[in-house]
Amino acid sequence: MQRITLYLIASGIAACIASMLYFLSLQLAFLPFAVTAIVILFSFPAFFWYARQQALLFRDDEIRMILPVVIVLFIFLSTITGKTIAIAERYGEWDAWAIWNLQAKYLADPIHWKKMLLNTKNGHPDYPLLVPGIIAFFTRLLGNARVEVVSFAFSFWIAVLIPVVLFMQTLRKSFILAIVLLWFFATDTFYIARGASMYADTTLAFFFMAALISVRQQENKYLWHIVAGACIGGCSWTKNEGVVLSLIFLAFYVRQLFIQRLLKPFVLGAIFPVTVFVFFKVVYAPANDMVGGQNIHTLQQLLDTSRYQLIYRYFTDNIQQKFGTLKILVLLYLSYHLLKRKMPDKQFFLVSICLATYFIIYVLSVQDLEWHLSTSADRLLHQLMPAMVYALVSVYPDPRPHIAADQQWTMPE
């Protein structure tokens, strides 16, 4: 089912591309929206045509699995849809109407959209624009539909995309394990609530998880590393935390990319979103409050043990209350490796380092620490949860892949 996995991840990348193209079109005030819409909408089939040309063929055993897969996914989608409708706030949670949907409303105005950048007191105009950009584009495309409707549809789609990608990726390992994964997400009330909140954290979680999945593929590695680069670029274009995750990802993988001569496709995938991100940050975005507020007093916070204790308490409380099942799985994972006297997987370390980095960022925070933790700690853990689930699932042995001769990858000369 690698082909379907590729298409699902590519759909997220397509949303990233559409968001960037829409943002760039705003630089040309004279450009009619109809032209922008045609360019973006025609880029979708062209993008998927390229993916189809490069994608893996279905194997015979995969074709026989299509009917059971459709049945399982139908049950999952019915379950998660019902729970989402029951849980979702009508206008989204606080960050939705105060930041993301508000930015989308500004971006939907081709004349006055730059006034969004003046909202430095109550908003975050330095945040990247993937989520508000895609919402603004479809709001205008659908005839100025309500921003909240488009925002909810996008949030729900991304929230569903994460477990479905994990399901398709795990099918080759075990059909039962893949079903358990869907059940895990379908019964996770916090995940569903956060997915329906219309925030950008789930989108960031999707791109980070998709990057980890892409670099592990053994078939068509050149194509998959283009996808990995695009996903890492998507992390940066989604949230400021995405830059942190991207840099840690590169620290773990740049040597491997260089040795395997896969740095070129990775850069090829990342260059467009990273360029647009840098353009936005340099030309438009005001200074980030976390960066701009740093001073000598901030460094002294590194020696304040009470800050560590408070952060640790918030992290452990959130993990226990909202990620309790995942905590048990992590402990089982570590116990397994301890008994086998093996080191945990590279991607487990990567996600763990991301968590430790978030911890240190809180230590250096210029905001009131308790307020900062109470309003964001669970969201940062949510950003890493799908990637951690994938890292844990990777311990299950993967059957030896059957690679067609024309899709084998060899080291370039």
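Note that this is a predicted model, so its numbers are computed, not measured.

Parameters at a glance
Residues numbered from 1 in each chain as written. Predicted model: local features only at pLDDT ≥ 70, side-chain atom pairs only at ≥ 80, totals over all residues. Heavy atoms only, no water. Helix = DSSP H or I, 4+ residues; strand = E, 2+ residues; numbered from the N terminus. Rg over C-alpha atoms; globule rule 2.2 N^0.38 Å. Buried < 20%, exposed > 50% of the residue type's maximum accessible area, 1.4 Å probe, protein only. Areas by Shrake-Rupley, 256 points an atom, 1.4 Å probe, with all protein chains shown as cover. Axes fitted to C-alpha atoms, helices over the stretch in contact; angles between N-to-C directions. Parallel < 35°, antiparallel > 145°, perpendicular 65-115°, else oblique. Contact = heavy atoms within 4.5 Å. Nonpolar A, V, L, I, M, F, W, Y, C, P; charged D, E, K, R; others polar. Phe/Tyr/Trp six-rings, centres within 6.5 Å; stacked < 30°, edge-to-face > 60°. Salt bridge = Lys/Arg side-chain N within 4 Å of Asp/Glu carboxyl O. pLDDT = per-residue confidence, 0-100. Polar contact = N/O pair within 3.5 Å; in protein donor to acceptor, adjacent residues only side chain to side chain. Expected span 1.5 Å × (residues − 1). Left-handed = near helix turned anticlockwise from the far one by under 90°. Bend = angle between axes of the 7 residues up to and from the residue. Disulfide = S-S within 2.5 Å.

What to know about the overall build of the protein
At step 1: When helices and strands are tallied, the protein shows 19 helices and zero strands.
At step 2: By the compact-globule yardstick of 22 Å for 413 residues, the protein fits well, its C-alpha radius of gyration being 21 Å.
At step 3: Seen through its principal axes, the protein has C-alpha atoms that stretch 55 × 55 × 50 Å.
At step 4: The buried share of the protein, reckoned over its 413 residues, is 52%.
At step 5: Summing over all exposed atoms, the protein offers an accessible surface of approximately 19,500 Å²; the carbon and sulfur share of this is 67%.

Section: the packing of helix α1 (residues 2-25) against helix α6 (residues 130-141)
Helix-helix packing: each pair is described by the crossing angle between the helix axes and the interaxial distance.
At step 1: For the pair α1 and α6, interaxial distance at closest approach is 8 Å and the crossing angle is 75 degrees. Looking at the two axes, α1 sits roughly perpendicular to α6. Only Leu-130, Gly-133, Ile-134, Ala-136, Phe-137 and Arg-140 of α6 make contact with α1, whose side of the interface consists of Ala-15, Cys-16, Ala-18, Ser-19 and Tyr-22.
At step 2: Residue composition of the contact of α1 with α6, by class: eight nonpolar, two polar and one charged.

Things to note about the packing of aromatic side chains
At step 1: Going through the model one piece at a time under the given rule, you end up with 27 aromatic pairs.
At step 2: Measuring from ring centre to ring centre gives 5.2 Å for Trp-113 and Tyr-284, while their planes differ by 65 degrees; the resulting arrangement is edge-to-face. Here Tyr-284 lies in the loop between α13 (263-283) and α14 (289-292) and Trp-113 lies in the loop between α5 (94-107) and α6, a separation of 171 residues in the sequence.
At step 3: Overall, Tyr-284 belongs to the buried group, its relative accessible area being 17%.
At step 4: Chaining the aromatic ring pairs together yields one cluster made of Phe-23, Trp-113, Trp-237, Phe-279, Phe-280 and Tyr-284.

Some points on the pattern of salt bridges
At step 1: On inspection of all chains with the given rule, the structure shows 11 salt bridges.
At step 2: Linking Glu-219 and Arg-172 is a salt bridge whose minimum nitrogen-to-oxygen distance equals 3.3 Å. Remark: Arg-172 occurs in the loop between α7 (147-170) and α8 (175-186) and Glu-219 occurs in the loop between α10 (201-215) and α11 (221-238); sequence separation between them is 47 residues. Take Glu-219 and Arg-172: they sit in the same class, and that class is buried.
At step 3: Of the charged contacts, one joins Arg-379 and Asp-201 as a salt bridge, the two residues approaching to 3.2 Å between their closest N and O atoms. Here Arg-379 is found in helix α19 (residues 369-393), whereas its partner Asp-201 is found in helix α10, with 178 residues between them in sequence. A single burial state applies to Arg-379 and to Asp-201, both of which are buried.
At step 4: Salt bridges linked by common partners bring Asp-95, Asp-201, Lys-239, Glu-241 and Arg-379 together as one network.

Describing the confidence of the model for the protein
At step 1: Here the protein shows a mean pLDDT of 89. Residues at 70 or above account for 91%.
At step 2: Of all helices and strands in the protein, the one with the weakest mean pLDDT is α14 (60), whereas α10 scores best (97).

Looking at the environment of Thr-187
At step 1: As for its position among the elements, Thr-187 is in the loop between α8 and α9 (189-195).
At step 2: At a separation of 3.4 Å, a polar atom in the side chain of Thr-187 contacts the main-chain carbonyl oxygen of Phe-184.

Here we look at helix α12 (residues 240-259)
At step 1: Between its terminal C-alpha atoms α12 stretches 29 Å, which fits the 28 Å expected from 20 residues at 1.5 Å a residue.
At step 2: By the burial criterion, the buried members of α12 are Asn-240, Glu-241, Gly-242, Leu-245, Ser-246, Ile-248, Phe-249, Tyr-253 and Leu-257.
At step 3: Residues of α12 that are buried sit in contact with α10, α11, α13, α18 (346-363) and α19.

Side note on unusual backbone geometry
Note: most peptide bonds trans; most residues except glycine with negative phi.
At step 1: A positive phi is found at Met-198, a non-glycine position, where the angle reads about 70 degrees.
At step 2: Unusually for a residue other than glycine, Asn-220 sits at a positive phi of about 55 degrees.
At step 3: For Asn-220, the position within the fold is in the loop between α10 and α11.

Points about the side chain of Thr-139
At step 1: Inspection of the secondary structure puts Thr-139 in helix α6.
At step 2: Taking the relative accessible area as the measure of exposure, Thr-139 reaches 3% and is therefore buried.
At step 3: Contact partners of Thr-139, with chain neighbours within four places excluded, come to Asn-144, Ala-145, Val-147 and Val-150.

Side note on the packing of α10 against α18
At step 1: Close contact between α10 and α18 brings their axes to 12 Å; oriented N to C, the two are set at 155 degrees. In terms of orientation, α10 lies roughly antiparallel with respect to α18. Crossing angle aside, the handedness with which α10 passes α18 is right-handed. Across the interface between the two elements, Phe-208, Leu-212 and Val-215 of α10 pack against Gln-347, Leu-350, Val-351 and Cys-354 of α18.

Some thoughts on α5
At step 1: The terminal C-alpha atoms of α5, which comprises 14 residues, lie 19 Å apart, in line with the 20 Å expected from a rise of 1.5 Å per residue.
At step 2: Along α5, the helix axis deviates most sharply at Asn-101, where the bend reaches about 35 degrees.
At step 3: On its buried face, α5 is in contact with α1, α6, α7, α11 and α19.

Regarding the side chain of Gln-383
At step 1: Along the chain, the position of Gln-383 falls in helix α19.
At step 2: A polar contact of 2.7 Å, which involves the side chain of Gln-383, links it to the side chain of Asp-201.
At step 3: Contacts of Gln-383, omitting those with residues within four sequence positions, involve Asp-201, Leu-204, Ala-205, Lys-239, Glu-241 and Tyr-358.

Some points on the state of the cysteines
At step 1: A complete count under the given rule lists zero disulfides for this structure.
At step 2: Of all cysteine sulfurs, the one in Cys-231 lies closest to Cys-16, which takes part in no disulfide; the gap is 8.8 Å.
At step 3: Cys-354 forms no disulfide, and the closest cysteine sulfur to it belongs to Cys-235, at a distance of 9.3 Å.

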